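As a plain string of letters, each chain reads:
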Amino acid sequence: MTTTVTPVGLLLSVFASTATFALWKLICAVYHELRSPLRHLPGPKGTSFVYGSIRDIWMAEDSRLQQQWVKEYGKTLRYKGLCLTNRLFTMDTCAINHILHSSDYQKPAYLRYSVAQILGEGLLFSEGVQHRQQNPAFGPAQIRALTGIFFSEAIRLRDVWSSEIANNATINTTSARIDIVPWLSRMALDVIGLAGFNYGFDALNANEKPNELNEAYATIIKNQKLAILPVLQAWIPLFRLVPGGHARRVQVSQRTMTRIGKELLTSAKATARARATEKGEIEKSSLHGRDLLTLLVKANMATDIPDMSTATTWALYAMALAPDIQTKLREELISVDTETPSMEDLMALPYLDAVVRETLRLYTPFPNIVRVAMKDDVIPLEQPFTDKSGVLHHGIRIRKGDLVLIPILAMNTSEELWGDDAHEFKPERWDNIPEAISRIPGLWSHLLTFFGGPRSCIGYRFALVQMKVVLFTLVRAFEFELAVPASEIGKHSLVMLRPFLRGDPTKKPQLPLLFKPYQRE
């Protein structure tokens, strides 16, 4: 007897399987919560059954929400995650050091999936040996060889903005309103293309139709929103089969990027093999190209390249609010007698260095990171905490699967560590930094901006030099100020900390500034 499967029956079967899987996940979550020692920690109530306190964290414009939690509950507390599950939050430097330096705390699967939909898998996702192997491609010698690319693209951006100003000049004004967010992103894309893949995106050429890789990248990074379906897709793989308009466009764009990436990788491998020795080895002296992809192929892997367009945006924003800082930096930069100094000369400029450090402290691109415990553990503490029953604890008991949030921005702006002016933009603070910040286990400059430990951001040198080159070029060329009242500019950090205009219903990332050419006396 033949059984006929109807479309309705098939749909019901899929629905039943999904419901069963979701119920199983729910039972596992409830069982885990009942056994998790985090339930004994003090902490705030969730403001939503679905999102807990996650939406509050993502929508916060600064770290004051988290610092208020610390004032009420102490440095170590629990907050509510999805469906009011318990998560660990800590600003204890000893605990953070333990978490960042242990291989037992890794990026959770749901986070890897969510961010991979935007950034792809690479630097942000590599763990252990794979992450350590990537370091040679980002050493000082490699970055020094890329400095020329950074300058050529920064100068190109300067010239584009100069043309914008000239085209908008009138009898009464010599300035132009420019939204710096898309332009800095375009420049960063060109840098990534040339430095990372020896590929010309030509994103700064506004008069030409964007190439397919440029369009694919733009599709992926726009319209990042917090919604129910992406959350379900991150936590329950079966929901990834549910179609969504933006999700489909992202998938098409990722396929385009993957195809072009494979073509570039194949080309780089062929070039490397052609320069191989008779023994089949590839010598460093045979590497004539300066693109990072070629370097990475020689190490038998490839990766993503970090860009600092977001941090550069915030640096210009901070200096637009503080013209005295802008003027002081410009005076230092115009004292350099060339528009393309060497990497060593650029890194030796003290006030530029202070501005960059202060920007990355106060406007860290990633305000928070989350890790998952891969096994049961006891996290050591510098400062003991008292649980809800009044019992004093000198360590935090963690069960496998518990999630831990490290509040990078809150650590970077802690008044206990940085002083009462921690929320102010003051580059001069780097002339005499507080002794207390030496306890922060960050990779660079006692900041957690580039994380810390063996899985810190290995591309930080690339990012720092790129950012300094762009600021060097733009601040020498222009004077700038906000094009809208400061109160109109908001911040959101669904993935990265980005500016938006409160009056724009789209809430797209943007920051309009008024630019005019700097006239030397």
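Bear in mind the structure is a predicted one, so any value in this text is a computation, not a measurement.

Enquirer: Looking at this structure, how should I read helix α8 (residues 180–197)?
Expert: Residues lying three or four places apart along an α-helix face the same way, a consequence of the helix completing one turn every 3.6 residues. Helix length check: α8, at 18 residues, gives a terminal C-alpha distance of 25 Å against a target of 26 Å (1.5 Å per residue), a fit within 8%. In terms of burial, α8 is a largely internal element, 14 of the 18 residues being buried. Backbone geometry just after α8 places Asn198 at a positive phi near 55°.

Enquirer: Just checking my understanding: could you explain the side chain of Ser445 for this structure?
Expert: With respect to the helices, strands and loops of the structure, Ser445 is situated in the loop between α18 (415–418) and α19 (460–477). The exposure class assigned to Ser445 is buried, which follows from its relative accessible area of 14%. A distance of 2.3 Å separates a polar atom in the side chain of Ser445 from a polar atom in the side chain of Arg357. For Ser445, the contacting residues outside a window of four places in its chain are Arg357 and Trp430.

Enquirer: Explain the packing of aromatic side chains here, please?
Expert: A ring pair, where both rings are aromatic, is described by two values, the distance of the centres and the angle of the planes. Here the structure, examined in full by the defined rule, presents 14 aromatic pairs. Through a chain of ring-to-ring contacts, the aromatic side chains of Trp161, Phe478, Phe480 and Phe515 assemble into a single cluster. Cation over ring: Arg186 sits above Trp183, and NZ or CZ is 4.5 Å from the ring centre. For the cation-ring pair, Arg357 lies above Trp430, with the distance from its terminal atom to the ring centre recorded as 5.8 Å.

Enquirer: It is not clear to me how the sheet that holds strand β1 (residues 76–80) should be interpreted in this structure. Could you clarify?
Expert: Pairing between the strands of a sheet comes from backbone hydrogen bonds, and it takes one of two forms, parallel or antiparallel. With mixed pairing, five strands are arranged side by side in an open sheet as β1-β2-β8-β5-β3. In this open sheet, the two edge strands, each paired with only one partner strand, are β1 and β3 (105–106). Across two bridges, the pairing between strand β2 (residues 86–90) and strand β8 (residues 403–407) is parallel. If you follow Leu88 over to β8, its bridge partner there is Val404. Sitting on the sheet, helix α3 (residues 64–73) is in contact with β1, β2, β5 (368–373) and β8, with an inclination near 125° to β1. On top of the sheet, helix α4 (residues 93–101) reaches β2, β3, β5 and β8; it is set at about 115° to β8, its chief contact.

Enquirer: Got a minute to help me understand a nonpolar patch on the surface in this structure?
Expert: A surface patch of nonpolar side chains, amounting to about 260 Å² of accessible area, comprises Phe49, Val50 and Leu84. As for its position among the elements, Val50 is in the loop between α1 (7–35) and α2 (54–59).

Enquirer: Sorry, what's going on with the pattern of salt bridges here?
Expert: Under the defined criterion, the tally for this structure stands at 20 salt bridges. The partner of Lys75 in a salt bridge is Glu416, and the shortest N-O contact between them spans 3.0 Å. One end of the pair, Lys75, is in the loop between α3 and β1; the other, Glu416, is in helix α18, and 341 residues separate them in sequence. Judged by its relative accessible area of 13%, Lys75 is buried.

Enquirer: Just checking my understanding: could you explain the sheet that holds strand β4 (residues 176–179) for this structure?
Expert: Judged by pairing direction, the sheet is antiparallel, and its three strands sit side by side in the order β4-β12-β9 without closing on themselves. Bordering the open sheet on either side are β4 and β9 (478–482), each of which pairs with just one other strand. Ignoring which end each strand starts from, the neighbouring axes of this sheet average 35° apart. With four bridges joining them, β4 and strand β12 (residues 512–517) adopt antiparallel strand pairing. Bridging from a neighbouring strand, Ile178 pairs with Leu513 of β12. Across the sheet, α8 touches β4 and β12, and the angle it forms with β4 is around 60°.

The rules we used
Residues numbered from 1 in each chain as written. Predicted model: local features only at pLDDT ≥ 70, side-chain atom pairs only at ≥ 80, totals over all residues. Heavy atoms only, no water. Helix = DSSP H or I, 4+ residues; strand = E, 2+ residues; numbered from the N terminus. Expected span 1.5 Å × (residues − 1). Buried < 20%, exposed > 50% of the residue type's maximum accessible area, 1.4 Å probe, protein only. Polar contact = N/O pair within 3.5 Å; in protein donor to acceptor, adjacent residues only side chain to side chain. Contact = heavy atoms within 4.5 Å. Phe/Tyr/Trp six-rings, centres within 6.5 Å; stacked < 30°, edge-to-face > 60°. Lys NZ or Arg CZ within 6 Å of the ring centre and 35° of its normal. Pairing = 2+ DSSP bridges. Axes fitted to C-alpha atoms, helices over the stretch in contact; angles between N-to-C directions. Patch = residues over 30% accessible without salt bridge, like charges linked within 9 Å, V, L, I, M, F, W, Y side chains within 5 Å. Areas by Shrake-Rupley, 256 points an atom, 1.4 Å probe, with all protein chains shown as cover. Salt bridge = Lys/Arg side-chain N within 4 Å of Asp/Glu carboxyl O.

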